[in-house]
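Residue-level listing of the chains:
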Amino acid sequence: MKQILLIIFAVLLVSSCVNKTDKNVVTNNIKTQNLIPYINPFIGTKNMGHTFPGASAPFGMVQLSPETNQQPMFIDGKYNPNTYKYCAGYQYDDSTIFGFSHTHFSGTGHSDLGDFLVMPTTGKLTLEPGDATIPQSGFHSQFSHKNEDAEPGYYKVTLDDYNIKAELTVSDRVGFHKYTFPKSEDSHIILDLISNIYNYEDKNVWTFVRIENDSLVTGYRQTNGWARTKKVFFAMQFSKPFKSYGHKKYDEFKYNGFYRRFNEQENFPEMAGKNIRAYFNFDTEENEEIKIKFALSNTSTAGALKNLKAEITHWDFEKTKQETQQKWNTELNKIVVETETKAQKETFYTALYHTMLGPIIYEDVDGSYRGLDQNIHQSKGFTNYTIFSLWDTYRALHPLFNIIQPSRNNDMVKSMLAHQDQSVHKMLPVWSHYANENWCMVGYHSVSVIADAIVKGTTDVDINKALKATENTSTLTYFDGIGDYMKLGYVPEDKSSSSVSKTLEYAFDDWCIAQIAKKAGNEEVYNTYLNRSKNFKNVYDEEIGYMRPKLSDGTWRKEFDPIDTHGQGFIEGNALNYGLYVPQEIDNMIELMGGKNKFSAHLDYIFTTEIENKYIEKNEDITRDGIIGNYVHGNEPGHHMPYLYNWTNDPFKTQERVRMIMDTMYSNGEDGLCGNDDAGQMSAWYVFSALGFYPVTPASNDYAIGSPMVNNAIINLENGKIISIKTVNQGKENVYVDKVAINGKIISDLLLKYDDIKNGGEITFYMQNTPKK
């Protein structure tokens, strides 16, 4: 069957596919390869990768994927650490499926979503999900990986308890289910409106469902979770009329008005309450298919119906699957690579796939979307996006978009500015999703994303408006120590925790604002923020040679351990890793820390000295899977560190470390991510590094040279030009770079300039098996 599908793809994919519902897709007239076989959506689903295997379109609103367990966020009033494993709803080691829900984060280290869980069953109706450790204790089912398959835009599994084959595909805003039932007079579709990821007792604020007719259901749910005011609306269309329906309400109602005159539980076309599970009953013949089109909207059920009617007008499941996989091939073909092994190619393309699962489209087909102010807005001249995990993604994901997705990234910049317009704080996003700011992590990294786009000329936003938005954001005195930062030149630890991380991140963001001001010709703002960008010096203790927390009286905090990752002034890191974060002034940082040779030796110490368990045991985001010595690749603050050798007398060590990280921290297996993929940042690091360069300093013109993993690559730019990457003498042992030629000219340093490649060009790496010292 797969061979037949590949032949079909070869015919269908001769020309690029244009997504008519996404205003920013720009494609080249290039022959599109079928890259679907090189994607393994199960990569990162085992351990702490926190990816999901289900179906999604590129940057699509719907992520239709199985939930393999239901772990509450709290047990007996205490945080349940097992809930962390299920940030994306799925763990590869599980053997149970509780249903298929329509919204998921990819790779995050905290979570939400898991909206609208659908589960097909047969036999006696059971509305309790049951315990995963007890078979047949509820409506969940056993399954086997032998009967499970996943591709971009497609997921399939057999539910063993019911002998039901479940298949899922999607368009941008609609999930498409196909369930193949056995013969039964007791077939059911359960719609679980209680189920949530990171669920707790009062997470559901309200749920409302209408049975419009015998095959159409609409409704919405409002939750109070990581996004504290999240509303998602739906329209659920069945391919076959249900013979009866009903629901169970799990609320303690003190007042129900005159609804008490009805039997609401059975065949009553309204359902309302905080916690509801609905069901729909069918008679089925052997191998009969029941299909469901499940459209989402963030504005209204009317919006969901518009999305449903616009995107999937038929019941041809294979057609929708093929259309979505054509979209995936169009996006994946923006980088065409050849590698030494098939495993490397699968790792590369799955990483590229993971970079395109978010941010997600967050508007209806008519451009309507819910804003941060909870009002309905109309996007004008851009597509609105959400899920901005900016502490992670400003480092490499958005810089990658500025090369392969500049129009889409431009829309993301405009979405951030719209967020700022609607913010009562006049703040750009910090970490936002679903028309909510959740305030997670540190820094104000929207400014880095905006600055990178402005510096590289990939956005057409009003530069003065953008500059004003970044100024407003960086001077909000009541946000996370900014007031003290502005007054003292650092964030004091006794006033605001993780103070060193905040100071370092703010200083870099301030440098980014200075770059915007420079482009805008605003010298006063440029000088102000350039001065602020030097504040990293205020948390460096020359006596001990580390960044460390300082108190509001100007003294150093006495209790300090530079190796401990908990409570030492750093968030999800320590002084060894996070303390080297000064991307705006790397040369000055190295000089401050004793010069090139001493700094190189310090990096060696970090990479070769193993960290003890006691220093990481209190941090669930740092695990052994992602650690090399004291270097933590499984978390973002150190992602630039392997490239810092380029600024010392030992750049060959960058080449060693980068290649070693690609070989050991990534693979094409289920455990092929060494930590949270963090909305695509971990994967973006791999994509860049495999191509041979990395954006150590976003919002600059420079990329640091590393050690390419690919034999050759073609980057197809939106402007119709191509970047050709070639490696001469590539091989497993040939990790060292002898020389690099840009457009035929040997470069004298280890920096690739954006200006040299933005209109296409050729990069040639000459490799060897001995370091060039």
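The residue count restarts for each chain, going from 1 along the sequence in the order it is written. Reporting of local features is limited, given that this is a predicted model, to residues whose pLDDT is at least 70; pairs of side-chain atoms are given and counted only at 80 or more, and all residues count toward the totals for whole chains, interfaces and linings. Heavy atoms from the whole structure form the basis of all side-chain values; hydrogens and water molecules are not counted.

1. A look at the packing of helix 15 (residues 652-665) against helix 16 (residues 681-691)
- Here the axes come from fitting lines to C-alpha atoms, over the contacting stretch only for helices, and the angles between their N-to-C directions go from 0 to 180 degrees. Starting at the N terminus, helices and strands are each numbered in turn, a helix being any DSSP run of H or I of at least four residues and a strand any DSSP run of E of at least two. Two numbers describe how helix 15 lies on helix 16: the axes approach to 11 Å, and their chain directions differ by 125°. Comparing their axes, helix 16 and helix 15 come out oblique. At the point where helix 15 passes helix 16, the crossing takes the left-handed sense. For the pair helix 15 and helix 16, the contacting residues are Val 658, Ile 661 and Met 662 in the first and Trp 685, Tyr 686, Ser 689 and Ala 690 in the second.
- When grouped by side-chain class, the residues that make up the contact of helix 15 with helix 16 number 6 nonpolar, 1 polar and no charged. Orientation categories follow fixed angle ranges, with anything under 35 degrees roughly parallel, anything over 145 roughly antiparallel, 65 to 115 roughly perpendicular, and all other angles oblique. Take the far helix as your reference; a near helix turned counterclockwise from it by less than a right angle gives a left-handed crossing, and one turned clockwise gives a right-handed crossing. The contact criterion used is simple: two residues touch if any of their non-hydrogen atoms lie within 4.5 Å. Asp, Glu, Lys and Arg are counted as charged, while Ala, Val, Leu, Ile, Met, Phe, Trp, Tyr, Cys and Pro are counted as nonpolar; the rest, among them Gly, fall into the polar class.

2. Quick notes on the environment of Ala 310
- Mapped onto the elements of the fold, Ala 310 is located in helix 2 (residues 301-311).
- It is 30 Å that separates the C-alpha atoms of Ala 310 and Ile 335, two residues lying 25 residues apart in sequence.

3. A few points about helix 15
- In this analysis, the expected span of each helix is defined as 1.5 Å times one less than the number of residues it contains. Taking 1.5 Å as the rise per residue, helix 15 with 14 residues should run 20 Å; its terminal C-alpha atoms sit 20 Å apart, in good agreement.
- The classification of residues rests on relative accessible area computed with a 1.4 Å probe and restricted to protein chains. Under 20% of the type maximum is buried, over 50% is exposed, and intermediate values are partly exposed. The buried fraction of helix 15 amounts to 10 of the 14 residues, a majority that puts the element mostly inside the structure.
- For helix 15, the complete set of buried residues consists of Phe 652, Lys 653, Thr 654, Gln 655, Arg 657, Val 658, Arg 659, Ile 661, Met 662 and Met 665.

4. Details of the nonpolar core
- The criterion is simple. A nonpolar core is a set of buried Ala, Val, Leu, Ile, Met, Phe, Trp, Tyr and Cys residues joined through side-chain atoms within 4.5 Å. Core analysis: the biggest nonpolar cluster contains 206 residues, and Phe 348 and Leu 691 have the highest contact counts within it.
- Among the elements that make up this core, the one with the highest residue count is helix 11 (residues 499-520) (11 residues).
- Those residues within four positions of Leu 691 in sequence are excluded, and the remaining contacts are Ile 335, Val 337, Phe 348, Pro 708, Val 710, Ala 713, Ile 715, Ile 725 and Phe 765.
- Counting 9 residues, the second largest nonpolar core, distinct from the first, contains Val 174, Phe 176, Ala 235 and Phe 317.

5. Focus: the sheet that holds strand 18 (residues 270-273)
- Strand order across the open sheet formed by 9 strands is 9-10-11-12-20-16-15-14-18, with antiparallel pairing between neighbours. Either end of the sheet is taken by a strand with one partner, and the two such strands are strand 9 (148-151) and strand 18. Direction aside, the axes of adjacent strands within the sheet are offset by 15° on average.
- Two elements, strand 11 (residues 164-170) and strand 12 (residues 174-181), share 6 bridges in a ladder whose sense is antiparallel. Note on strand 12: the bridge partner recorded for Glu 167 is Lys 178.
- In this fold helix 3 (residues 317-332) packs onto strand 9, strand 10 (154-159), strand 11, strand 12 and strand 20 (288-297), with an angle of close to 45° to the strand it touches most, strand 11. Strands were regarded as paired on the criterion that DSSP finds at least two bridges between them.

6. Looking at the sheet that holds strand 35 (residues 712-716)
- The 6 strands are arranged 21-35-36-40-37-38 in an open sheet whose pairing can be described as mixed. In the strand order of this sheet, the two ends are held by strand 21 (335-338) and strand 38 (745-746), each with one partner.
- Note: strand 37 (residues 736-742) against strand 38, 2 bridges, orientation antiparallel. Within the sheet, the bridge partner assigned to Ala 741 lies in strand 38 and is Ile 746.

7. Some words on the environment of Ser 423
- On the secondary structure map, Ser 423 appears in the loop between helix 7 (406-422) and strand 27 (431-433).
- Considered as a pair, Ser 423 and Asn 436 are 13 residues apart in the sequence and their alpha carbons are 9.7 Å apart.
- From its side chain, Ser 423 meets the backbone nitrogen of His 425 in a polar contact 3.0 Å long. N or O atoms closer than or at 3.5 Å make up a polar contact, with two conditions inside protein: a donor-capable atom paired with an acceptor-capable one, and, for residues adjacent in sequence, both atoms drawn from side chains.

8. Some words on helix 14 (residues 596-608)
- Here helix 14 contains 13 residues, and its C-alpha end-to-end distance of 18 Å stays within 8% of the 18 Å for a straight helix at 1.5 Å per residue.
- Where helix 14 is concerned, the buried positions are Phe 599, Ser 600, His 602, Leu 603, Asp 604, Ile 606 and Phe 607.
- Elements that come into contact with the buried residues of helix 14 comprise strand 30 (546-547), helix 13 (586-592), strand 31 (627-628), strand 32 (631-632) and helix 15.

9. Structural notes on the confidence of the model for the chain
- Across the chain, each position has a pLDDT score giving the predictor's confidence in that residue, from 0 to 100. Summarising the model, the chain shows a mean pLDDT of 94, and 96% of its residues fall at 70 or more.
- Overall, residues 1-28 carries pLDDT values under 50, and its contacts beyond four positions in sequence, including any with other chains, amount to 61 contacts.

10. Some words on the pairing of strand 14 (residues 204-211)
- Here strand 14 runs beside strand 15 (residues 216-223); their pairing, made up of 7 bridges, is antiparallel. Looking at the pairing, Val 209 lines up with Gly 219 of strand 15.
- Between strand 14 and strand 15, which pair antiparallel and follow one another directly, the connecting turn spans 4 residues.
- Examined bridge by bridge, strand 14 and strand 18 share 4 bridges and lie antiparallel to one another. Looking at the pairing, Thr 207 lines up with Gly 273 of strand 18.

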